[in-house]
Amino acid sequence: MSQNWIVVDLDAHVLLEEGGTLDEHFWGNDGLDLDSFHVPCTNDRINIMLSGRFTHQRVAPLLRLPPELLHQILEFLNPTETYSPGIFLFAVTCKFALVLAQPHIVRLQQRHFAPLARHRLVCIGSSARTLANYPVGLFDQDEQRRLMTGSALADNSSSPGDHSDVSLYDLATETWKRYVPDPPSLVRPLDILWRPSAVSRMSAPDFERFRALTMPHRPNDAPWVLCSHSKREYVRAEAVSPVHPMGLGYEQVRGVDWKYRQRNLVRALLTCICWSPDATTNMLDAGEGTPVNRELTRGRWAGDRIELTTLNGMEGGKLWIDVTDDVVKVLQSLWDGVKHDHHRDVALEADFDALYARERDA
């Protein structure tokens, strides 16, 4: 019998994907939502708004203060770091104000729209029952103690010492909540229709600038990469081709939006973060315990800090390593061994013209 798997955030203590076979996690329609790890290109958006010439005008007395003091004022406008309009309203007054507000807006946007970026993720199998079954260094001493205590309580044992198992799977499924991303917008339809707030009473150009600053900027054609900040490794999104939905023509496939195309990125991520002492995955016709299954159940990024960002957005410092070819090789092996024909909706580095012609002729 195949084991069940869950995807968890070890830092936020939340369930990202509830229990199911690995086959269901990989090929199901409702896959892991990447938006909470998908960092907006806020700097790029602001730099575009700052491009062009600056109009020479009299500087307001407030803006003559030293930049250090102005940054303290901006922090005072929003001491709790909530996603509120204050800093954005300040930013649309002029380009100089936008330059001052830029680092604050970047930080607020990432916390609001990508709150789980750089969190530790793992897709854990239900067979992991002892500390020796987990990746080395996955838990620190405090986490090990909480895990042992939580496993005992989840199992209704009389005391933590009575419980020999240390099951992250049991603890998460029984005590952790399911994470539901729902970042509220600062721009609402009623603002445009009824104008009840200060935001909606600004001029049309200022309102457009305000909306551009408060909404996440994630261009589809950006050089997106899945990153492990723990390993300093990344996978290029462009190497994981768009999903090829059965029944759609080639021209329709080319126009599918990011939400649909990111399903292959989810599969690439799962390939890297799965972990279990048991190589049973229910994924391949070749049988359990194959080299691909063993590699899949020992994910190279299991428990690492994960982020979906752009090549330009990757932090500097130590050298980053491109592991795209290794990950795509595993994904291609899974594709070749998929058991059900109706799950063949993945095209990894495929020639879409040839793929569509082959299916059309069939």
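Just above sits the structure.
This one's a predicted model, so the numbers in the text were calculated from it and none came from an experiment. (Residues numbered from 1 in each chain as written. Predicted model: local features only at pLDDT ≥ 70, side-chain atom pairs only at ≥ 80, totals over all residues. Heavy atoms only, no water.)

A.B. asks: I tried to follow the side chain of glutamine 109 on my own but got confused; where do I start?
C.D. replies: Structurally, glutamine 109 is set in helix H5 (residues 95-113). Of the residues examined, glutamine 109 reaches a relative accessible area of 1% and is grouped as buried. Among the polar contacts made by the side chain of glutamine 109, one reaches the main-chain carbonyl oxygen of leucine 213 at a distance of 2.5 Å. Contacts of glutamine 109, omitting those with residues within four sequence positions, involve Pro40, Thr42, Tyr83, Ala114, Leu213, Thr214, Met215 and Pro216. (Helix = DSSP H or I, 4+ residues; strand = E, 2+ residues; numbered from the N terminus. Buried < 20%, exposed > 50% of the residue type's maximum accessible area, 1.4 Å probe, protein only. Polar contact = N/O pair within 3.5 Å; in protein donor to acceptor, adjacent residues only side chain to side chain. Contact = heavy atoms within 4.5 Å.)

A.B. asks: Any chance you could explain helix H9 (residues 204-214) here in plain terms?
C.D. replies: Residue pairs spaced three or four apart in an α-helix point in one direction, given the helix's 3.6 residues per turn. For H9, the set of buried residues is Phe207, Phe210, Leu213 and Thr214. Projected down its long axis, H9 carries its buried residues within an arc of 125°, all on one side. (Arc of directions from axis to C-beta.)

A.B. asks: Help me understand the packing of aromatic side chains in this model?
C.D. replies: Evaluated as defined, the whole model comprises four aromatic pairs. When the centroid spacing of 6.3 Å and the interplanar angle of 80° are considered together, the rings of phenylalanine 88 and phenylalanine 210 count as edge-to-face. Linking phenylalanine 88 in helix H4 (residues 86-91) with phenylalanine 210 in helix H9, this pair joins segments that are 122 residues apart in sequence. For phenylalanine 88, a relative accessible area of 0% puts it in the buried group. Ring geometry for tyrosine 134 against phenylalanine 139: centres 5.2 Å apart, planes inclined by 75°, an arrangement best described as edge-to-face. No difference in accessibility class separates tyrosine 134 from phenylalanine 139, as the two residues are buried. Among the aromatic side chains, those forming a connected cluster through ring pairs are Tyr83, Phe88, Phe113 and Phe210. Of note, arginine 298 hangs over the ring of tryptophan 275, and the distance from its end group to the ring centre comes to 5.4 Å. (Phe/Tyr/Trp six-rings, centres within 6.5 Å; stacked < 30°, edge-to-face > 60°. Lys NZ or Arg CZ within 6 Å of the ring centre and 35° of its normal.)

A.B. asks: For this particular structure, what's the right way to read the pairing of strand E5 (residues 224-228)?
C.D. replies: Side-chain direction in a regular strand flips from residue to residue, so the side chains alternate between the two faces of the sheet. With respect to burial, E5 is a largely interior element, five of its five residues being buried. Neither face of E5 is exposed, since Trp224, Leu226 and Ser228 on one face and Val225 and Cys227 on the opposite face are all buried. Here E5 runs beside strand E8 (residues 305-310); their pairing, made up of five bridges, is antiparallel. Considered in E8, the bridge of leucine 226 is made with leucine 308. Across four bridges, E5 lies against strand E6 (residues 233-236) in antiparallel orientation. Bridge assignment links leucine 226 to a residue of E6, and that residue is valine 235. The antiparallel pairing of E5 with E6 creates a hairpin that spans four residues between the two strands, and arginine 232 there sits at a positive phi of about 60°. (Pairing = 2+ DSSP bridges.)

A.B. asks: Honestly, the pattern of salt bridges in this entry has me stumped. Any pointers?
C.D. replies: Charged atoms that come close allow side chains of opposite charge to pair. For the structure on display, the rule yields 16 salt bridges. Notably, a salt bridge pairs arginine 178 with glutamate 18, separated by 3.6 Å at the nearest N-O pair. One end of the pair, arginine 178, is in strand E4 (residues 177-178); the other, glutamate 18, is in strand E2 (residues 14-20), with 160 residues separating them in the sequence. On the accessibility criterion, arginine 178 (38% relative accessible area) is partly exposed. When the shortest N-O distance is used, the salt bridge between aspartate 326 and arginine 300 registers 3.6 Å. With aspartate 326 in helix H14 (residues 324-336) and arginine 300 in the loop between helix H13 (291-296) and E8, this pair connects stretches of sequence that are 26 residues apart. With a relative accessible area of 31%, arginine 300 lands in the partly exposed category. (Salt bridge = Lys/Arg side-chain N within 4 Å of Asp/Glu carboxyl O.)

A.B. asks: Hey, could you run me through the environment of arginine 218 in this one?
C.D. replies: Mapped onto the fold, arginine 218 is located in the loop between H9 and E5. Residues arginine 218 and threonine 310 lie 92 residues apart in sequence; the distance between their C-alpha atoms is 9.6 Å. Within the local environment of arginine 218, its side chain forms a polar contact with the backbone oxygen of aspartate 35, the two atoms lying 3.3 Å apart.

A.B. asks: Which parts of the structure should I look at to understand unusual backbone geometry?
C.D. replies: Generally, phi is negative for residues other than glycine and the peptide bonds are trans, each holding for most cases. Phi at histidine 13 takes a positive value of approximately 55°, unusual for a residue other than glycine. Note on placement: histidine 13 falls in the loop between strand E1 (5-9) and E2. You will see that arginine 118, though not glycine, has its phi angle at about 70°, which is positive. In this structure, arginine 118 sits in the loop between H5 and strand E3 (119-125). Arginine 118 sits in the partly exposed class, given a relative accessible area of 29%.

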